[in-house]
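Secondary and tertiary structure notes
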Amino acid sequence: MEQVSKSKWNTKSSIEDPEREQKILADVAVKARELGLSPQWVQHFFRLQMEASKQVQYQLFAEWHETSQAQFPEVLDLKTAIRPRLDSLDDKILAAMKANWSTLSLRGANQQLQGCEVPTKFPKAMAFALTPLTDRSSETTGIAPASTRAKP
Ligand SMILES: C=C(O[C@@H]1C=C(C(=O)O)C=C[C@H]1O)C(=O)O
């Protein structure tokens, strides 16, 4: 996200790109369906990762405004270099979700994550990022309680 932020800082672009976010959410829902994952939970997960990413960007922008940060040298281009990398990361995340779906959809598995603290410069972003893993109510996840799910 530092590269994304630097690129936007240099080009004075806005942090938020709702069109790109909508496209990502639509794409991951299609891919989730293809992989047999809950599109609802997958969208919820990616929505929160995007909130986390924007939180990091806002924090960095605030720091840079504070210090009157100049343009950054040697920053990758957002559209042609950074976003394609983010897209391939999204595909890897979906594949990892597929590989770990039985664990992810276990009710109670989230308890292992409750109260876990990861040292970070971006605690607010981390809170967003972890929410889909810690808040596992079926209302937000679209994952049926274990008792009602068919056995594999
Ligand atoms: C990461 C970016 O910034 C924001 C966050 C996004 C994300 O996390 O995928 C997408 C669009 C922007 O609202 C970006 O512009 O690519």
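Here, every reference points to the structure presented above.
These figures come from a predicted structure and were not determined experimentally.

**Quick word on the overall build of the protein chain**
Secondary structure assignment for the protein chain yields 7 helices and 0 strands. Ordering the α and β elements of the protein chain from the N terminus gives α-α-α-α-α-α-α. Classification of the 152 residues of the protein chain by burial places 36% in the buried group. For the protein chain, the share of sequence-separated contacts (at least 6 apart) that also reach a separation of at least 24 residues comes to 80%.

**Re the site of the ligand**
Taken together, 13 residues are adjacent to the ligand, and Lys8, Asp17, Glu21, Ser53 and Arg83 come closest. At 2.5 Å, a side-chain N or O of Glu21 approaches an oxygen atom of the ligand. Against a free-state accessible area of 360 Å², the protein chains account for coverage of 95% of the ligand. When contributions to the shell around the ligand are tallied by element, the ones reaching two or more residues are α1 (2–11), α2 (18–35) and α3 (39–66). Ranked by residues supplied to the shell around the ligand, first place goes to α3 with 4 residues. Of the residues in the shell around the ligand, the class split is 4 nonpolar, 2 polar and 7 charged.

**Observations concerning the environment of Lys23**
Relative to the helices and strands, Lys23 is located in helix α2. Side-chain polar atoms of Lys23 contact the side chain of Asp27, separated by 2.8 Å.

**Focus on the nonpolar core**
In terms of nonpolar packing, the biggest core is built from 16 residues, with Trp41, Val42, Phe46 and Met97 touching the most fellow members. Counting only elements with at least two residues in this core, the list comes to α2, α3, α4 (78–99), α5 (101–104) and α6 (123–134). Counting residues per element, this core draws most heavily on α3, which supplies 5 residues. Every residue in contact with Val42, bar those within four places of it in the chain, is listed here: Val28, Ala32, Leu37, Leu94 and Met97.

**Observations concerning the packing of aromatic side chains**
Applying the stated rule across the entire model yields 7 aromatic pairs. Their ring planes at 40° and their centres at 5.6 Å tell us that Trp41 and Phe45 sit as a pair that is tilted. One end of the pair, Trp41, and the other, Phe45, are both in helix α3, 4 residues apart, so they sit about a helical turn from each other. Each member of the pair, Trp41 as well as Phe45, is classed as buried. Counting every residue linked through ring pairs, the aromatic cluster contains Trp9, Phe61, Trp64 and Phe72.

What counts and what doesn't
Residues numbered from 1 in each chain as written. Predicted model: local features only at pLDDT ≥ 70, side-chain atom pairs only at ≥ 80, totals over all residues. Heavy atoms only, no water. Helix = DSSP H or I, 4+ residues; strand = E, 2+ residues; numbered from the N terminus. Buried < 20%, exposed > 50% of the residue type's maximum accessible area, 1.4 Å probe, protein only. Contact = heavy atoms within 4.5 Å. Near = heavy atom within 4 Å. Polar contact = N/O pair within 3.5 Å; in protein donor to acceptor, adjacent residues only side chain to side chain. Areas by Shrake-Rupley, 256 points an atom, 1.4 Å probe, with all protein chains shown as cover. Nonpolar A, V, L, I, M, F, W, Y, C, P; charged D, E, K, R; others polar. Core = buried A, V, L, I, M, F, W, Y, C linked by side-chain atoms within 4.5 Å. Phe/Tyr/Trp six-rings, centres within 6.5 Å; stacked < 30°, edge-to-face > 60°.

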